[in-house]
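In case you want the letters, here they are:
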2 protein chains.
Amino acid sequence: MTTVDARQQILAANATAAASLRERFVRAGTLVVNLISSPGSGKTTLLCTLAKHFAGSLRLAAIVGDIATERDADRMRAAGLPAHQIVTGGCCHLDARMVEKALAQAVFGDVDLLFFENVGNLVCPANYDLGEAFKIVLLSTTEGADKPFKYPGIFSKADLAVLTKIDLLPHVPFDLPAVLEEIRTLRPGGRIVQVSSTTGAGIDELARLLAAEVGQCKRTANG
Amino acid sequence: MTTVDARQQILAANATAAASLRERFVRAGTLVVNLISSPGSGKTTLLCTLAKHFAGSLRLAAIVGDIATERDADRMRAAGLPAHQIVTGGCCHLDARMVEKALAQAVFGDVDLLFFENVGNLVCPANYDLGEAFKIVLLSTTEGADKPFKYPGIFSKADLAVLTKIDLLPHVPFDLPAVLEEIRTLRPGGRIVQVSSTTGAGIDELARLLAAEVGQCKRTANG
């Protein structure tokens, strides 16, 4: 078997597992969101911020992948977000079978909005469907304006791009119009939200967008 | 063949190619440095800064890997750094065979200090030896203080950790003592330098360290 064959087999097995997960999520009326970004772009902080925003209105939970440590899940739980940590032990992305196993172990109860926080990596996670309904790519203003065209895979696949750390714009070189244009070129019609978990800017807008998707998801499940 | 077997074969083939590259670099008296970090931590900017610092004293060149675009090599050339771009077309790391091919194409002449700027990714590049003498991991202050223990592979392998964007410390939450302690735990005796390409802080210290390594490399080649 060649390397290419082996990779195709892995991706085919993943697609089968992802399809079964997707069916299950649709039936349950759970909106599932896959978050992908570089390390340190603010995925965990954003989820903690959203957990506080939705407290008492939507039931949230998160499955979070990391090479090592339970740090992210610990931070989420401290913010009131039920969280299950997948420690991949070196693997650079989550795959659908890891999610299946995590769901068998996690005790979340009924969930309206389930997040998969992927391993911090703009490359490999883009290739693994996790059965999600909605893919979000995050890009922080500190990472530089050249990133969308340098990582076209994830920026063309993501339904929503979230620009994070927007409060740091005065302190970093970041050509915002250029970034917006590159993202729109890679994903025409895709949505873009600018947020800061520090100041709260854009969080309401992002929350409204997610709540609307959750509503749509419930109607599909009941329809 | 299982996936594990396929992976082991790939790494074994890489090790063979890397060993042959290393022999060649040692014979030539060229110090070869492999730079690994998240996207946007400042690898390219740092290399452009070092190119200006060493102008007229050391002969530098760079081979830079990206999923897509020639952007990084273009920036380097504009800063006077001879550069060859490897476009990996989706692959999330450089490997030794890509470097072999790049060296056959690049026209650098004699070089004292050759940088491999790896694909922006803290995970996979850590596993591929490129025949370098010296591995550097970069971590920017904007990425958060939790990263070393979350990415122990690269932080335990790197000979030098460079903390970048140190000028942004007043604007971001970053527990510097905690980061230094985690890095020292993962790589006892490894060196750490704090730099800012914006203000120039730490660049002299880093340049002195690299120049000393170049000197050692020349003595080994001549000895």
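Preceding this paragraph is the structure being described.
What you are looking at is a predicted structure, and each value in this text was computed from that prediction instead of being measured. (Residues numbered from 1 in each chain as written. Chains lettered and ligands numbered in written order. Predicted model: local features only at pLDDT ≥ 70, side-chain atom pairs only at ≥ 80, totals over all residues. Heavy atoms only, no water.)

Student: Sorry, what's going on with the overall build of chain A here?
Tutor: Per the secondary structure count, chain A includes eight helices and seven strands. Computed over the C-alpha atoms, the radius of gyration of chain A is 17 Å, within 12% of the 17 Å expected from 2.2 N^0.38 for a compact globule of 223 residues. Considered along the principal axes of its C-alpha atoms, chain A spans approximately 50 × 45 × 40 Å. Taking as baseline every contact in chain A between residues at least 6 positions apart, the subset at least 24 positions apart corresponds to 72%. For chain A, the computed accessible surface area is about 9,000 Å², with 53% contributed by carbon and sulfur atoms. For chain A, the distance from the average site of its 23 positive side-chain charges to the average site of its 23 negative ones is 3 Å. (Helix = DSSP H or I, 4+ residues; strand = E, 2+ residues; numbered from the N terminus. Rg over C-alpha atoms; globule rule 2.2 N^0.38 Å. Contact = heavy atoms within 4.5 Å. Areas by Shrake-Rupley, 256 points an atom, 1.4 Å probe, with all protein chains shown as cover. Lys, Arg positive; Asp, Glu negative; His and termini not counted. Charge placed at Lys NZ, Arg CZ, Asp CG, Glu CD.)

Student: Is there a simple way to think about the pattern of salt bridges in this case?
Tutor: A side chain with one charge can pair with a side chain of the opposite charge if their charged atoms come near. Following the criterion strictly, the structure yields 28 salt bridges over all chains and no others. Ionic pairing is found between D74 of chain A and R77 of chain A, a salt bridge with its closest N-O pair at 3.0 Å. Placement of the pair is D74 of chain A and R77 of chain A together in helix α3 (residues 71–78), with a separation of three residues, close to one helical turn. On the accessibility criterion, D74 of chain A (42% relative accessible area) is partly exposed. For R77 of chain A, a relative accessible area of 38% gives the class partly exposed. K147 of chain A serves as the salt-bridge partner of D146 of chain A, at 2.6 Å between the closest nitrogen and oxygen. On the accessibility criterion, D146 of chain A (15% relative accessible area) is buried. For K147 of chain A, a relative accessible area of 4% translates into the label buried. One salt-bridge network, in which partners are shared between bridges, spans D66 and D72 of chain A together with D146, K147 and K150 of chain B. (Salt bridge = Lys/Arg side-chain N within 4 Å of Asp/Glu carboxyl O. Buried < 20%, exposed > 50% of the residue type's maximum accessible area, 1.4 Å probe, protein only.)

Student: Honestly, the sheet that holds strand β7 (residues 191–194) of chain B in this entry has me stumped. Any pointers?
Tutor: The strands making up a sheet are joined through hydrogen bonds of the backbone, oriented either antiparallel or parallel. Residues and elements named next belong to chain B. Strand order in the open sheet formed by seven strands is β3-β2-β4-β1-β5-β6-β7, with parallel pairing between adjacent strands. Unpaired on one side and paired on the other, β3 (83–87) and β7 mark the two borders of the sheet. Adjacent strand axes in the sheet meet at a mean angle of 20 degrees, parallel and antiparallel pairs treated alike. Sheet topology note: the strand β2 (residues 60–66)/β3 ladder contains five bridges and is parallel. For V64, the partnering residue across the bridge sits in β3 and is Q85. Its contacts with the sheet put helix α4 (residues 96–105) on β2, β3 and β4 (113–117), and the angle it makes with β3 is roughly 135 degrees. Contacts from helix α8 (residues 203–222) reach β1 (31–36), β4, β5 (134–140), β6 (160–164) and β7, with the element oriented near 140 degrees to β7. (Pairing = 2+ DSSP bridges. Axes fitted to C-alpha atoms, helices over the stretch in contact; angles between N-to-C directions.)

Student: Can you help me understand the relation of the copies chain A and chain B in this one?
Tutor: Both copies of the chain are related by one operation, a rotation about an axis with a shift along it. At an RMSD of 0.0 Å, chain A and chain B line up after a rotation of 180 degrees and a shift of 0.0 Å along the axis. Such a combination of turn and shift is consistent with a two-fold rotation axis. (Least-squares fit on C-alpha atoms with pLDDT ≥ 70 in both.)

Student: Help me out: how do you make sense of the side chain of D112 of chain A in this one?
Tutor: Residues and elements named next belong to chain A. By the element assignment, D112 lies in the loop between α4 (96–105) and β4 (113–117). The buried category is assigned to D112, whose relative accessible area is 5%. Among the polar contacts made by the side chain of D112, one reaches the side chain of K218 at a distance of 2.8 Å. The residues contacting D112, other than those within four sequence positions of it, are G29, T30, L31, L58, R59, V214 and K218. (Polar contact = N/O pair within 3.5 Å; in protein donor to acceptor, adjacent residues only side chain to side chain.)

Student: Help me out: how do you make sense of α4 of chain B in this one?
Tutor: Residue and element names in this part refer to chain B. Listed as buried for α4 are A96, M98, V99, A102 and L103. Projection of α4 onto a plane perpendicular to its axis shows the buried side chains occupying an angular sector of 150 degrees, all on one side. Away from its buried face by more than 90 degrees, α4 exposes K101, A104 and Q105. (Arc of directions from axis to C-beta.)

Student: Whenever I open this one, the sheet that holds strand β7 (residues 191–194) of chain A confuses me. Can you help?
Tutor: All names here are of chain A. With parallel pairing, the seven strands of this open sheet are ordered in space as β3-β2-β4-β1-β5-β6-β7. Looking at strand neighbours, the two that pair on one side only are β3 (83–87) and β7, the edges of this open sheet. Taking each pair of neighbouring strands and ignoring which way they run, the sheet shows an average axis angle of 20 degrees. Across four bridges, the pairing between strand β1 (residues 31–36) and strand β5 (residues 134–140) is parallel. Residue pairing for β5: I36 is matched across the bridge by V137. Packing against the sheet, α3 makes contact with β2 (60–66), β3 and β4, and its axis sits at approximately 175 degrees to β3. Sheet contacts for α4: β2, β3 and β4; angle to β3, the most-contacted strand, approximately 135 degrees.

Shape is all these values report; function is a separate question.
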